[in-house]
Amino acid sequence: MLILKKILQIIKLRYILLIIILSSLFTFAYRSDFVMFKVIDKLDSLSNYQFKLRNYRTDFIKLVEQFKIPNFNSNFYNMPIYDIQFNQENFNFFRELFDSIQNTDQTYYKDDYILPEHPNDYNSKSNINFFYNSEEFNAKLKIHGRSEEHYINPKKSYAIRFNKNNLFNNMREIALIILDEADVTSLMSYMLLNKYMNFNIENGFVRLRINGVDQGIYFFEEKIRKEVLEKNNLAGSDIIQPFASWTNQTNETHSHKFTYDISSTNFKNYSQIDNGQLLRYQKIINSQNYSEISHLIDIDKFAAFEAIRMLHADKHVVDGDNLKLIYNNATGLFSPFYRSESVIGSIEDYQNKNTLTYENLSKDVPIFNILNKNNEFRNLRNEYLYKIINDKDDIFEFFNNSYEEFINYLSEDNSNLLSQRDYKYRIYSKINIFENNFDKLLKYINYSKVYNQLIKLNSKDYELKISPDSNVFLKLSEFKLYDTNSNEINKKLIINVYDNISKNNFKFTYEEFKEYLLRKKFILNLDQNLDNQENQQTIKFSFEKDINIQNFDISFKNSVTKKNVNSSNVFKRVITFPKKYSYEHLNEQLSLNNIKLSFNSKNLEINEREISIKAGDYYLNKDVFFPLNYKLILKPGVNIKLGPNVSIIVYGNLLINGNNDNPVKISKFSDRNFGSFLVVGNSKTKVNIDYLQISGGNEDYLNGVYASGMLALHNHDVVNISNSIINSSTSDDGLNIKYINNFDINNNIFNDNFADALDVDVGSGFIRNNLFSVNQLSSNMGDGLDFSGSKSIVYNNKFLNFKDKGISVGENSDIVISNNYFENNRSSITIKDSSSVILNKNNYFSKNKKLIEMYIKKNIFNEPTLCIKKNDIFDENINKIDNFNNLDAASDTKKSFEIIYSDTELKINNENLNKFIDGLSNSSANSIELYC
């Protein structure tokens, strides 16, 4: 028996413990707003509200609240009490009204939330007696609002209109609104309306009794009408708004297709004046022109209104029939009225599509859509917004005090649709959102970046381009220009200025020019979708004498916050416009017209995107830009003589079709060299040159392309050059070919070019049967043939008298060198930087200081590699080898480079050459791996 008793005691203890644990968990869950609200709301949403968990939660909490001990010290019992006496006629009237609402046979659409049209208005049957502090007032009563929560539940919202000869507290009409539709945030909104728009609406919390029965707490507000306007110094003003018509085919509550039709307008003509008010209303509603609207409205009031609306993230207040406009017959201007409906949304819900700005709050709302696209209005609105944000502490102190008082009232009121906790949680959630709006909008106002370019067009003409990324106006706080000595330029210098915004010309001293700039304002534009749009301002200015601006200082101040924009957010760049820079080649007609002037149109054949130049002598004193994607054909006998530094640039295919008797000649016509003959392709273009004689050229910078060669061929599929003479250039390269898929340089003479005779950058093909030479007395310091990043067969060429290298192979090139003759060069062949060379037997060397040298020039590359045939790679008659002592590494490199000895040599014939080139082009392996 003792054992059994112990077992029962253990079981009982476990049950008690379980009950304690479950009770604790339940208590924790009940007291947790996260569990009771966020979790339950989420579950309700996930179940598509099928189980109506929120309703059960509310019913349960209200049940618990019924058992709370009354606190007779609560201020609830000291609240103002409004007493209403209903008689039987009143009850009958409202019973008929509610029956009418329930039983109306609608012939139009409506949302379940919205009540049908019904005869809810003041009439003789709605006369009531209203009492306050034992004082009686004659009044009429109706139901306030149009949505069902005002009507269907036991606690209803009311509107009361007093006899004009016996006003209640100087008020003609008030609304008593249930807490579901108005709360502490309404108090705060009306406080902001009073503080920043100087418009006062009486409002607060009261208790209501009907025939002695307590109805609990209501929010009361004075309804805007003639008396309210007069108290706010707007005597003689009217109110215009769309009619409230929620039962229509538009799937929205406050607006529909005909909302702004003038016949659907609620015009409260308190002034009793027919002054064209509706015509002016129609103008501002329908106008898409800011200038028109701005002359019909009080801009300052609208800006303050928009600032308050933005902080509330409240689109509801301007949605259709909610928008009330006050028309002042004395000024002819409209101003908006902000009626709080306790709406506080998240401003983040109105972020624009592409930027973290919030102008979508005004999208598709007449008047405001146009106003907020205007920079002056938007900046004024932001000034009000910043003013309110700076008063944040005072605003939240007002809210907190009001909230504490409201919670004290609410703790004794169980008359409402929701529980006391529901209202507390809803207000708490809204005020958190409101506080977040303050933070987001402060960042929105503070955000500023500016992008600045100073473009030097020439030694006199400049352009200053300023591109603001800011939601408020920025103004310059400093601007200075510096010359080549880093000194600020003379303040008395005369500057001619063209302003692309005002389209005006000005003449200033430099000092006056700075003052002019300091007066300008910069801000982002908004596009049609209210998203940010670049708003670059260009100020063109020129000096009356040459001056070389090298740098500039520029800084900005936020015109709203009065703070300087952080220097790290002010970007600047000085850009020098190249001397030879134009987009003429993109303008087909302009380019063709200039070519006709340069070559004389009768000497040209132009058809189907081809330009043929006939035989003849042509003297060119200025650069020639051929139009994009045109083929140029130079026929036999063409003799082009170019002036000092004059260049030709072709954008497309080139055919130079000379012959032995009539070569094509390009040369200089004075003692100064011309620029460059540049041909730029699109990787699919072709260049075929036969019998060209080109001499006396240099290099040039043309339209953003550096032409390092007297003859420069860039970015083509095929380049064939034969039977040509390329000599006497003073450029970095006599001929430069870049990015060529397939080239064949055959039977040409490269003579007495100042630096490299032929430079091949990133290409593959053949170099054969050419003469590369320099007069022994020449000042040439370059190479005969220079490779970078290329694959090539170099066959049967001569390299004579180069003071540097006969052939230079660098930057990951793969080259076969066979049957060539090298004489009197500093280095016959130099191999560098991850490059590899196959050196065949039939190369001949005479009087070269170095036979072969190998080294790493750029440390981003690896060692070069040489492949030669064992024993018989060199002719025995050339006895300058000394057991390869002439194969030297660079003096600063201790590494010895690999020489691979092959048992066989690569046979040089057309089949093997083509196979080699194809292998280099298509294989990831290099030439050494393929053939050694």
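Residues numbered from 1 in each chain as written. Predicted model: local features only at pLDDT ≥ 70, side-chain atom pairs only at ≥ 80, totals over all residues. Heavy atoms only, no water.

1. Focus: the overall build of the chain
Next, step 1: Within the chain, the regular secondary structure consists of 17 helices and 55 strands.
Next, step 2: Across the 932 residues of the chain, 51% fall into the buried class.
Next, step 3: By sequence separation, contacts in the chain at least 24 residues apart represent 64% of the contacts at least 6 residues apart.
Next, step 4: Surface summary for the chain: the accessible area is close to 44500 Å², and the carbon and sulfur share equals 47%. (Helix = DSSP H or I, 4+ residues; strand = E, 2+ residues; numbered from the N terminus. Buried < 20%, exposed > 50% of the residue type's maximum accessible area, 1.4 Å probe, protein only. Contact = heavy atoms within 4.5 Å. Areas by Shrake-Rupley, 256 points an atom, 1.4 Å probe, with all protein chains shown as cover.)

2. Focus on the sheet that holds strand β13 (residues 461-470)
Next, step 1: Pairing within the open sheet is mixed, and its six strands lie in the order β16-β15-β20-β13-β12-β22. Whereas interior strands pair on both sides, the edge strands pair on one side only; in this sheet they are β16 (504-509) and β22 (570-576). The average undirected angle you get between the axes of adjacent strands in this sheet is 20°.
Next, step 2: Pairing of strand β12 (residues 448-456) with β22 involves seven bridges; the strand directions are parallel. Its bridge partner being in β22, N452 is matched across the sheet by K572.
Next, step 3: Where helix α14 (residues 510-518) meets the sheet, its contacts fall on β13, β15 (494-499), β16 and β20 (537-543), and the angle it forms with β16 comes to roughly 130°. (Pairing = 2+ DSSP bridges. Axes fitted to C-alpha atoms, helices over the stretch in contact; angles between N-to-C directions.)

3. Regarding the environment of A175
Next, step 1: Summarising the element assignment, A175 is placed in strand β5 (residues 173-177).
Next, step 2: Here the alpha-carbon distance between A175 and Y218, two residues 43 residues apart in the chain, equals 9.3 Å.
Next, step 3: Every residue in contact with A175, bar those within four places of it in the chain, is listed here: H144, Y158, A159, F219, F220, E221 and K223.

4. With respect to empty space enclosed by the protein
Next, step 1: Using the criterion set out here, one finds four cavities of 30 Å³ or more in the structure.
Next, step 2: The calculated volume of the second largest cavity comes to roughly 50 Å³.
Next, step 3: Contributing to the lining of the second largest cavity are E306, R309, M310, Y358, E359, L361, S362, N372 and R381.
Next, step 4: It is helix α9 (residues 299-312) that provides the largest number of residues to the lining of the second largest cavity, a total of three residues.
Next, step 5: Its residues placed into classes, the lining of the second largest cavity shows three nonpolar, two polar and four charged. (1 Å grid on protein atoms, 1.4 Å probe; cavity = no way out; pocket = protein on both sides within 12 Å on 5 of 7 lines; lining within 4 Å. Points joined across faces, edges and corners; volume = space filled by probe spheres on them. Nonpolar A, V, L, I, M, F, W, Y, C, P; charged D, E, K, R; others polar.)

5. So, the sheet that holds strand β21 (residues 551-558)
Next, step 1: Strand order in the open sheet formed by three strands is β17-β14-β21, and the pairing between neighbours is antiparallel. With one partner strand each, in any of the chains shown, β17 (521-522) and β21 form the two edges of the open sheet.
Next, step 2: Pairing analysis gives eight bridges linking strand β14 (residues 474-482) to β21, with the strands arranged antiparallel. Across the sheet, the residue bridging to E478 is S555, located in β21.

6. So, the packing of helix α2 (residues 33-46) against helix α3 (residues 53-66)
Next, step 1: Interaxial distance between α2 and α3 falls to 8 Å at its minimum, and their mutual angle equals 150°. Taken together, the axes of α2 and α3 are roughly antiparallel relative to one another. Counted together, M36, F37, I40, D41, L43 and D44 of α2 and L53, R54, R57 and I61 of α3 form the full contact between these two elements.
Next, step 2: Here the contact of α2 with α3 is built from residues that sort into six nonpolar, no polar and four charged. (Parallel < 35°, antiparallel > 145°, perpendicular 65-115°, else oblique.)

7. Quick look at the pattern of salt bridges
Next, step 1: With the rule as written, the count across this model stands at 35 salt bridges.
Next, step 2: Salt-bridge contacts for R426 lead to D180; the nearest nitrogen and oxygen are separated by 4.0 Å. A residue pair is termed long-range when its members are at least 10 positions apart, and R426 in helix α13 (residues 420-446) and D180 in the loop between β5 and α5 (184-197) qualify at 246 residues.
Next, step 3: Residue class for R426 comes out partly exposed when judged on its relative accessible area of 34%. (Salt bridge = Lys/Arg side-chain N within 4 Å of Asp/Glu carboxyl O.)

8. Focus on the pairing of strand β46 (residues 805-810)
Next, step 1: Among the six residues of β46, six are classified as buried, and the element is accordingly described as predominantly covered.
Next, step 2: Sheet analysis places strand β43 (residues 785-788) next to β46, joined by four bridges and oriented parallel. Within the sheet, the bridge partner assigned to S788 lies in β46 and is G810.
Next, step 3: In the sheet, β46 pairs with strand β49 (residues 827-832) via four bridges, with the strands oriented parallel. By the bridge assignment for β49, I807 is matched with I829.

9. Points about helix α7 (residues 277-286)
Every α-helix winds through 3.6 residues per turn, so residues three or four apart in the chain are directed the same way.
Next, step 1: Residues of α7 that are buried include every one of Q277, Y281, I284 and I285, and no others. Take α7 and look down its axis: the buried residues cluster within an arc of 100°, on one side only.
Next, step 2: In this fold, the buried residues of α7 make contact with β8 (237-242), β9 (265-268), α8 (290-294), β10 (324-328) and β11 (333-337). (Arc of directions from axis to C-beta.)

10. Some words on the packing of α5 against α9
Next, step 1: Taken N-terminus to C-terminus, the directions of α5 and α9 make an angle of 150°; their axes are 10 Å apart at the nearest point. Here α5 lies roughly antiparallel to α9, going by the angle between them. Between α5 and α9 lies a crossing of right-handed hand. The residues of α9 that touch α5, namely those facing S189, L192, L193, Y196 and M197, are K301, A304, F305, I308 and H312. (Left-handed = near helix turned anticlockwise from the far one by under 90°.)

11. Considerations on a nonpolar patch on the surface
Next, step 1: A cluster of nonpolar side chains, namely F34, V39, L43 and L46, defines an oily patch on the protein surface of about 400 Å² accessible area.
Next, step 2: Tracing the chain through its elements places F34 in helix α2.
Next, step 3: Owing to a relative accessible area of 52%, F34 belongs among the exposed residues under this scheme. (Patch = residues over 30% accessible without salt bridge, like charges linked within 9 Å, V, L, I, M, F, W, Y side chains within 5 Å.)

12. Some details on the packing of aromatic side chains
Next, step 1: A complete count under the given rule lists 50 aromatic pairs for this structure.
Next, step 2: Aromatic ring contacts, followed pair by pair, group Y462, F479, F506, F508, F513, Y516, F541, F543 and F552 into a single cluster.
Next, step 3: Of note, K155 hangs over the ring of Y218, and the distance from its end group to the ring centre comes to 4.8 Å.
Next, step 4: Cation over ring: R309 sits above F368, and NZ or CZ is 5.3 Å from the ring centre. (Phe/Tyr/Trp six-rings, centres within 6.5 Å; stacked < 30°, edge-to-face > 60°. Lys NZ or Arg CZ within 6 Å of the ring centre and 35° of its normal.)

13. Quick notes on the nonpolar core
Buried together is how nonpolar side chains tend to be arranged in soluble globular proteins.
Next, step 1: Judged by nonpolar contacts, the single largest core of 87 residues is most densely connected at F199, F205, L371 and F434.
Next, step 2: In contact with F205, not counting residues within four places along its chain, are M79, P80, L179, D183, V184, L187, I217, Y218, F219, F406 and Y409.
Next, step 3: The next biggest cluster of nonpolar side chains, apart from the first, holds 68 residues, and it includes I721, I726, I737 and V837. (Core = buried A, V, L, I, M, F, W, Y, C linked by side-chain atoms within 4.5 Å.)

14. Considering the confidence of the model for the chain
Next, step 1: Confidence in the prediction of the chain, expressed as mean pLDDT, is 85, and 88% of residues score 70 or more.
Next, step 2: Ignoring residues within four places in sequence, the model shows residues 871-896, a span with pLDDT below 50, making 38 contacts including any to other chains.
Next, step 3: Here residues 920-931 is a poorly scored stretch, pLDDT under 50, and it has 27 contacts once near neighbours within four places are set aside; other chains count. (pLDDT = per-residue confidence, 0-100.)

15. Observations concerning unusual backbone geometry
Next, step 1: We note that N133 has phi near 50°; this positive angle belongs to a residue other than glycine.
Next, step 2: Relative to the helices and strands, N133 resides in the loop between β2 (127-132) and β3 (135-143).
Next, step 3: Overall, the relative accessible area of 62% leaves N133 in the exposed class.

16. What to know about the pairing of strand β32 (residues 677-680)
Next, step 1: Neither face of β32 is left uncovered, since the one carrying F677 and V679 and the one carrying L678 and V680 both have all their residues buried.
Next, step 2: Where strand β29 (residues 648-651) lies against β32, four bridges are found, and the strand directions are parallel. Its bridge partner lying in β32, V650 is registered against V679.
Next, step 3: Sheet analysis places β32 next to strand β37 (residues 709-722), joined by four bridges and oriented parallel. Looking across to β37, one finds that L678 is bridged to A712.

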